[in-house]
Every structure is written in structure tokens, then in C-alpha cells.
Amino acid sequence: MAVLDGSIMGESSNSSASYIHMVQHLIEKCLIFHMSKEECMEALSKHANIKPVITSTVWNELEKENKEFFEEYAKAKSKDDRMSEEETSQMIQKMISDSSKDYETTPASLTTG
């Protein structure tokens, strides 16, 4: 897969893998807050400066690896009410802030695996 070979940011494969891991972590946070793929792509683009194509690609890979989870997630999501834009924005800002702290305090050896 081209995204994993280091071409995503023009740096080494370790930094690309770390970047993808961070995107995956942020997607998992979006899932906790019952966001759709499109909502997640928009939120990460707006608040974390992550290109929607990156979020979409990582999301698609997660769906392939966790098909049953995403099927159940889609069923549950269809029953949920959407949060207001303000609630979503506040939640995303907190999520990004918490994630930044996680990555600042995590030794590099743990983020490259």
C-alpha cells in the first residue's frame, strides 16, 4: 500500500507509520463519539489539518480489518441523534488536544510499532 511506504509525507516509513497511527487514533475517537466517516473526515480536516483522503483511506482500511464492528456501528449510528455543531466542535477540540498530549508523552518506540 502506497500510504505505508513513506510517500505520504515524503519522510521515512517510521514517521509515515506514526502519522497513520495518529490518524487511526483520531478516527477511533470519532467512533467513540458516533461520528460518520464524512463527519470524521470533515472534523479531522478542520481541526487537525489532516487531508480527507488520508482519513478516508485509513477509515477504509479499518473497515476492511474490522468488518463486523463497522456493520454493527452503522446499525447503531442510524439510531443515534446527531450532536449539534457546537457540541461536535467542542468535542473535537478536546479530542485533538488530548491526542496531542498523548503523542508528546509517548516514547517513539511505542508509536512506531
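Look up a bit, the structure's there.
An account of the accompanying structure is given in this report. In this text the structure is predicted, and so the values were computed from the model without any measurement.

**Regarding the pattern of salt bridges**
What the rule picks out here adds up to two salt bridges. The partner of Glu61 in a salt bridge is Lys64, and the shortest N-O contact between them spans 3.2 Å. In this pair, Glu61 and Lys64 are both assigned in helix H3 (residues 52–65), three residues apart and thus about one turn of the helix distant. The partly exposed category is assigned to Glu61, whose relative accessible area is 24%. Lys75 is paired through a salt bridge with Glu72; the nearest N and O atoms lie 3.5 Å apart. Pair noted here: Lys75 and Glu72 are both in helix H4 (residues 67–79), with a separation of three residues, about one helical turn.

**Observations concerning the packing of helix H1 (residues 13–32) against H3**
A pair of packed helices is characterised by two quantities: the angle between their axes and the separation of those axes. Two elements in contact, H1 and H3, have axes separated by 10 Å at closest approach and are oriented at 75°. Comparing their axes, H3 and H1 come out roughly perpendicular. Two secondary-structure elements touch here, H1 through Tyr19, Ile20, Val23, Gln24, Ile27 and Leu31 and H3 through Ile54, Thr55, Val58, Trp59 and Leu62. Each residue belonging to the contact of H1 with H3 can be placed in one class, and the counts come to nine nonpolar, two polar and no charged.

**Side note on the nonpolar core**
Counting 20 residues, the largest nonpolar core has Val23, Ile27, Leu44, Ile50 and Val58 as the members making the most contacts within it. For this core, the secondary structure elements donating two or more residues are H1, helix H2 (37–48), H3, H4 and helix H5 (85–105). The leading source of residues in this core is H1, at seven residues. Those residues within four positions of Ile27 in sequence are excluded, and the remaining contacts are Cys40, Leu44, Thr55, Val58, Trp59 and Leu62.

The rules behind the values
- Residues numbered from 1 in each chain as written.
- Predicted model: local features only at pLDDT ≥ 70, side-chain atom pairs only at ≥ 80, totals over all residues.
- Heavy atoms only, no water.
- Salt bridge = Lys/Arg side-chain N within 4 Å of Asp/Glu carboxyl O.
- Helix = DSSP H or I, 4+ residues; strand = E, 2+ residues; numbered from the N terminus.
- Buried < 20%, exposed > 50% of the residue type's maximum accessible area, 1.4 Å probe, protein only.
- Axes fitted to C-alpha atoms, helices over the stretch in contact; angles between N-to-C directions.
- Parallel < 35°, antiparallel > 145°, perpendicular 65-115°, else oblique.
- Contact = heavy atoms within 4.5 Å.
- Nonpolar A, V, L, I, M, F, W, Y, C, P; charged D, E, K, R; others polar.
- Core = buried A, V, L, I, M, F, W, Y, C linked by side-chain atoms within 4.5 Å.

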